[in-house]
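# Structural features, examined
Residues per chain, in single letters:
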Amino acid sequence: MSRHAIESNLDGLVGPTHNYSGLSPGNLASESNRKAESSPRQAALQGLAKMKRLADLGYVQGVMPPHERPHIPTLRALGFGGDDRRILSDAASRAPEILAAAGSASAMWTANAATVSPSADTPDHRVHFTPANLAATFHRSIEPPVTGRLLKSIFPDETRFVHHAPLPGVTHFGDEGAANHTRLCAAHGEPGVELFVYGQIAFAPGRRAPTRFPARQTLEASRAVARLHGLTEQRCVFARQDPAAIDGGVFHNDVIAVGNRNVLFYHEQAFLDETATLHTLQEKLGDTPLMAVRVSSDEVSLEQAVSSYLFNSQLLDRADGMLLAVPAECRAQPQVSRYLDRLLAEDNPIREVSVFDVKQSMQNGGGPACLRLRVPLTDQELMAMNRGILLDEALYERLVTWVQAHYRDRLSVADLADPMLLEESRKALDELTGILGLGSVYDFQL
Ligand code: SUG
């Protein structure tokens, strides 16, 4: 079945507690900016400016709200009691690492919110969502329940959308969502091939595992998501990440590869077996030619790929080819910038490079592609979703005013213990669900 469909992008709106706590081993930016002062206000405005520019270019752009942080139910579950003020002060003095985890605004990276299979790929012709369990890091493992509620509230029509529960929250089934999932196809409304990239095999750890940093995604998790979504073998390719890349700071596949339609832009160290991966993709794509844009280590080293986040770009449709939406860091690094100039001059589908400033997010290891969840939708599905989250001029203006009213310009890790911050955040989020027409989704609202 083939119907007209587009790719919508749901960007995570950065939350009021955005901070640098160094919570993600293997994410070099997160580790190196540990305890630096952050600006939640700038972070949210940078994210909104990115969404606005893409919406102005005609892309369907949605907003995924932040989660409630610090997350008091998590602190209660870990034995902190009394009123909110008491919980915060006890956690700050007795277990600051737990408070930091419960205070992270990490839900902003919606590429890790879920895996999405469009209706063109699934046997019941509905869009399937599985929220990622994010079992690899404690601070992110708090996200799935609220992510699930948000997705249900954004895509409520059960005749068109299916919401699965996250996989069991243990590292055997460690699932990081769309950051390790790329869909290749001729057109968004046509059946495609879903590429699942994993870092380890949980039940056969073996010698191929990285030695320095954790491999967050398991093959078992990827296969389970594919099963839940009803994808046939013909629709799936499972490829292993190069463990050396994980040890070099590639904690998700979207740090080293990005695809759109039949184009795959990737670094030669993205996959353990590059030849077999490309071969299988082409075999399963059938008549649709895979256009692989390969970047060699001589052109851009693994280290430069990680520090510039070249591959954490968005690859977006244009009438005559594709637009690559890169983080500003790519143009700041001479070698990467020269590579981009060559890319534009050469014969390939990438016609334009647009630069986005998302520095506040980048300093925690999140580039343009981390900030968005792709949801391919047919025209009917697009009409059936909760359209209150779609960004237009009016919503953009409203959200900018909302950020300016509620967000702090400076935040340090110690501020997470401030009961006023919790109060400010809840007030902001309560207002936000009203603005977006989402109903009650947060624990404090239920
Ligand atoms: O999971 N950083 C996130 C960045 C996620 C990037 N997403 C994709 N590549 N799709 C992570 O490591 C850092 C939080 C801190 O250290 O304060 C953090 O969670």
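Now for a description of the structure that goes with this document. (Residues numbered from 1 in each chain as written. Predicted model: local features only at pLDDT ≥ 70, side-chain atom pairs only at ≥ 80, totals over all residues. Heavy atoms only, no water.)

## Re the sheet that holds strand β1 (residues 5-12)
For sheets, the rule is that strands pair by backbone hydrogen bonds, running either parallel or antiparallel. An order of β2-β1-β15 is seen for the three strands of this open sheet, with the pairing classed as mixed. On the outer flanks of this sheet lie β2 (60-64) and β15 (372-378), each paired with one strand and no other. For this sheet, the mean inter-axis angle between neighbouring strands, taken without regard to orientation, is 30 degrees. Sheet topology places β1 next to β15; seven bridges connect them, and they run antiparallel. By the bridge assignment, Glu 7 is partnered in β15 with Pro 376. In the packing of helix α2 (residues 40-56) onto the sheet, the strands contacted are β1, β2 and β15, and the crossing angle to β2 comes to about 155 degrees. (Pairing = 2+ DSSP bridges. Helix = DSSP H or I, 4+ residues; strand = E, 2+ residues; numbered from the N terminus. Axes fitted to C-alpha atoms, helices over the stretch in contact; angles between N-to-C directions. Contact = heavy atoms within 4.5 Å.)

## So, the side chain of Ser 337
As for its position among the elements, Ser 337 is in helix α13 (residues 334-345). A distance of 2.9 Å separates a polar atom in the side chain of Ser 337 from a polar atom in the side chain of Arg 331. Residues within four places of Ser 337 in sequence aside, it is in contact with Cys 330 and Arg 331. (Polar contact = N/O pair within 3.5 Å; in protein donor to acceptor, adjacent residues only side chain to side chain.)

## Examining the layout of surface pockets
Space inside the largest pocket adds up to approximately 290 Å³. As for the largest pocket, its lining consists of 18 residues, of which Ser 21, Pro 96, Glu 97, Ala 100 and Val 413 are closest to the centre. Mapped by element, the contributors of at least two residues to the lining of the largest pocket are α5 (96-102) and α6 (138-141). Considering each element in turn, the lining of the largest pocket owes the most residues, five residues, to α5. Grouping the constituent residues of the lining of the largest pocket by class yields 11 nonpolar, four polar and three charged. Taken as a whole, the second largest pocket encloses approximately 220 Å³ of empty space. Lining the second largest pocket we find 16 residues, and of these Ala 29, Val 306, Ser 307, Tyr 309 and Met 362 sit closest to its centre. Contributions of two or more residues to the lining of the second largest pocket are made by α1 (28-32), α11 (302-308) and α14 (359-362). Residue composition of the lining of the second largest pocket, by class: six nonpolar, seven polar and three charged. (1 Å grid on protein atoms, 1.4 Å probe; cavity = no way out; pocket = protein on both sides within 12 Å on 5 of 7 lines; lining within 4 Å. Points joined across faces, edges and corners; volume = space filled by probe spheres on them. Nonpolar A, V, L, I, M, F, W, Y, C, P; charged D, E, K, R; others polar.)

## Thoughts on the site of the ligand
In the vicinity of the ligand there are 22 residues, among which Leu 23, Ser 24, His 139, Asp 254 and Cys 370 approach most closely. A distance of 2.8 Å is found between an oxygen atom of the ligand and a backbone nitrogen or oxygen belonging to Leu 23. At a separation of 3.0 Å, a nitrogen atom of the ligand approaches a polar side-chain atom of Asn 112. Within the complex, the protein chains bury 100% of what would otherwise be the 490 Å² of accessible surface of the ligand. Taken together, the residues of the shell around the ligand break down into seven nonpolar, 12 polar and three charged. (Near = heavy atom within 4 Å. Areas by Shrake-Rupley, 256 points an atom, 1.4 Å probe, with all protein chains shown as cover.)

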